[in-house]
Every structure is written in structure tokens, then in C-alpha cells.
Amino acid sequence: MKIQSLILILWPVALVAASTCPVRAQALDIEWVEVAGRTVIVHYDLEDENPLHAYTVNLFSSADNFANPLVKLSGDVGNEIKPGNDKRIRWNITEELGLFAGEIELEVRAKMYVPFMKMTEFDTRTKYKRGKNYPLVWRSGNPGGQIDIELLLDGVRVSSDRNVPNTGKFDWQIPPGAKPSSGYQLKFTNTKSRDETFVTEPFKVVAQIPMIAKAAAAAALGVTIILLANRKEGGGTVEPDLPDFDTVPGN
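It should be emphasised that the depicted structure is a prediction, and the values quoted were computed from it without experimental measurement.

Asker: How do you make sense of the side chain of Asn58 when you look at a structure like this?
Answerer: With respect to the helices and strands, the residue Asn58 is situated in strand 4 (residues 55-61). With a relative accessible area of 11%, Asn58 lands in the buried category. Other than its neighbours up to four places away in sequence, Asn58 contacts Pro69, Val77, Glu107, Val108, Arg109 and Asp195.

Put into C-alpha cells, the structure is as follows:
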């Protein structure tokens with residue numbers, strides 16, 4: 001597999017503190033690309049004279065003609081990436097493309113981080129029940145258009161609601177068959193600019209009926225079976241043997 005050099009770097013218009021101030025220096029330099037098994041590691045430097053700036057960094061490939069950002073990534077990629085040297089993007093090519101063979105071109109794009117949305121009524125400390133509906137409420141820096149809302153479990157998509165109007169609210173249902181886990185996240189993606197994403201912190205999904213309630217129901221069923229088993233064949237009943245309360249210590 002040949003990894004060719006990265007091509008395109010996108011930058012926003014540089015910020016100027018005042019009309020007489022010089023433009024701040026910004027640069028993204030690809031240092032080198034290595035292949036470790038089926039993992040591609042892109043090493044880069046992200047330079048900015050203002051260390052408080054943050055960037056959105058995405059990796060694209062020629063596999064889809066650079067249409068959508070790659071997703072099987074880890075490291076210094078995504079939103080709120082701070083400037084610095086020896087940044088690394090790790091890409092699992094097998095998970096992304098399967099048994100790929102041949103040449104592929106990679107492209108890094110970076111732009112100033114501006115969150116396109118912020119959740120206002122979603123508490124990740126809450127235990128959410130599968131099969132139930134919950135209202136999602138958010139504020140968008142770019143209202144209008146449409147977004148995709150995906151439910152992820154440990155980074156893998158479980159369900160999705162496509163082309164949801166970006167109106168700031170949505171009645172969202174957790175799939176009834178969702179596996180109870182604390183590794184769920186919601187991912188929001190701008191359908192017109194798929195590098196604009198927002199991912200919540202992990203939250204927990206639980207079953208609607210707690211296990212203790214299920215155990216209690218099973219115990220009640222067992223008592224019913226015992227009472228039915230004590231019926232006489234002729235239609236009468238046999239009284240179950242009960243303890244003699246006169247002989248119970250303390251009575």
C-alpha cells in the first residue's frame with residue numbers, strides 16, 4: 001500500500017485584533033506518514049502564534065474522492081485541536097475500507113474551530129431507557145438546513161435519524177433493542193458540511209424494566225405454580241402446610 005503525500009490544507013481568514021495589527025501566522029506542516037500494520041499514522045505540526053486558538057482537523061482519502069471525512073480515527077483529530085508539534089492522526093484502514101490494496105491519497109483539512117451547535121437540554125448523567133422518547137434541544141450557530149443524528153456505542157453507529165431539520169429540537173427515540181451500556185454517545189453532523197460535527201459525552205442506556213423487578217415477577221409466578229400444584233384432582237384444594245405460629249420463637 002502506497003501512502004502519498006497529503007495535499008490540501010484549508011484555513012479560514014486569519015483573525016486580526018485591530019486594523020493596524022499584523023495577521024497572525026498559521027501553518028500546518030505534514031512531517032511524515034508511517035504504516036504500522038493496518039494502521040496509518042500521520043504526523044503533523046499545527047502552528048499558531050495564539051495558543052488559545054483551537055481547530056477542527058479532519059482526514060480525507062481518495063477512496064471516495066475526498067467527499068467525506070474518515071471516521072475510524074484516533075489521536076489529534078476532530079474538534080478543539082490546540083496548536084502544537086508532533087500531532088498524530090491514527091487511521092485504521094481495515095476497519096474503514098476492509099481488505100484494501102493499492103494506492104491511496106490522504107488529505108488533511110484544518111480550519112478554526114467554531115461549534116455549529118451546542119446541546120442545551122441533554123444531561124449525560126441521566127440513565128436513559130431504551131425504547132423511550134426523549135426531547136433533544138440545541139442551539140445552532142448556523143440554523144437552517146438539515147443534520148444527521150447518530151447514536152454511537154463505543155464509536156460504532158447503532159441507529160441514525162437522517163436529514164433532521166436544524167430547528168433546535170427533535171423528539172428522539174432510543175431503539176428498543178439497544179444494549180444496556182454506559183458507552184453511548186450522540187453525534188450530530190451538518191449534512192451540507194460533513195466536517196461540522198458535534199459529539200456528546202458518553203451516557204448510559206438501561207433496560208425499561210430493572211432486573212430486580214424481573215426477578216420479583218419470576219418469584220410471584222413461582223408461588224402461583226406451587227399453589228396450582230396443590231389442587232386436588234376432584235376440584236378441591238389441599239391446604240398448604242403452614243408453620244405453627246404458637247411454636248415460633250418470640251411469639
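Asker: I would appreciate a short explanation of the sheet that holds strand 14 (residues 169-173) in the present structure.
Answerer: Through backbone hydrogen bonds, the strands of a sheet pair up, either in parallel or in antiparallel fashion. Spatially, 3 strands are ordered 9-11-14 in an open sheet, and the strand pairing comes out antiparallel. Each edge of the open sheet is held by one strand with a lone partner, namely strand 9 (117-119) and strand 14. Along the sheet, successive strands turn relative to each other by an average axial angle of 35°, direction set aside.

Asker: Hey, could you run me through the nonpolar core in this one?
Answerer: Among the nonpolar cores identified, the biggest contains 22 residues, and Leu136, Trp172, Leu186, Phe188 and Phe203 are the most heavily contacted of them. Listing elements by their share of this core, those giving two or more residues are strand 9, strand 11 (133-140), strand 12 (146-153), strand 15 (181-190) and strand 17 (203-206). Top contributing element to this core by residue count: strand 12, with 4 residues. Excluding anything up to four places from it in sequence, Phe188 contacts Phe116, Met117, Met119, Leu136, Trp138, Ile147, Asp148, Ile149, Glu196, Thr197, Phe198 and Thr200.

Asker: What is the right way to read the environment of Leu73 from this model?
Answerer: In this fold, Leu73 is placed in strand 5 (residues 73-75). Considered as a pair, Leu73 and Thr39 are 34 residues apart in the sequence and their alpha carbons are 9.6 Å apart. What Leu73 contacts, discounting residues up to four positions off in sequence, is Leu59, Ile89, Arg90 and Trp91.

Asker: How should the packing of aromatic side chains be read in this particular structure?
Answerer: The relative placement of two aromatic rings is captured by the distance of their centres and the angle of their planes. Inspection of every chain in the model, using the stated rule, returns 9 aromatic pairs. Between Tyr128 and Phe203 the ring centres are 5.5 Å apart and the planes differ by 75°, which places this aromatic pair in the edge-to-face class. Of this pair, Tyr128 sits in strand 10 (residues 127-129) while Phe203 is found in strand 17, placing the two residues 75 residues apart along the sequence. Judged on exposure class, the residue Tyr128 and its partner Phe203 are both buried. An aromatic cluster is defined as three or more aromatic residues linked by ring pairs; in this entry it consists of Phe122, Tyr128, Tyr134, Trp172, Tyr184 and Phe203. The cationic tip of Arg109 hangs over the ring face of Phe60; the distance from NZ or CZ to the ring centre is 3.8 Å.

What counts and how
- Residues numbered from 1 in each chain as written.
- Predicted model: local features only at pLDDT ≥ 70, side-chain atom pairs only at ≥ 80, totals over all residues.
- Heavy atoms only, no water.
- Helix = DSSP H or I, 4+ residues; strand = E, 2+ residues; numbered from the N terminus.
- Buried < 20%, exposed > 50% of the residue type's maximum accessible area, 1.4 Å probe, protein only.
- Contact = heavy atoms within 4.5 Å.
- Pairing = 2+ DSSP bridges.
- Axes fitted to C-alpha atoms, helices over the stretch in contact; angles between N-to-C directions.
- Core = buried A, V, L, I, M, F, W, Y, C linked by side-chain atoms within 4.5 Å.
- Phe/Tyr/Trp six-rings, centres within 6.5 Å; stacked < 30°, edge-to-face > 60°.
- Lys NZ or Arg CZ within 6 Å of the ring centre and 35° of its normal.

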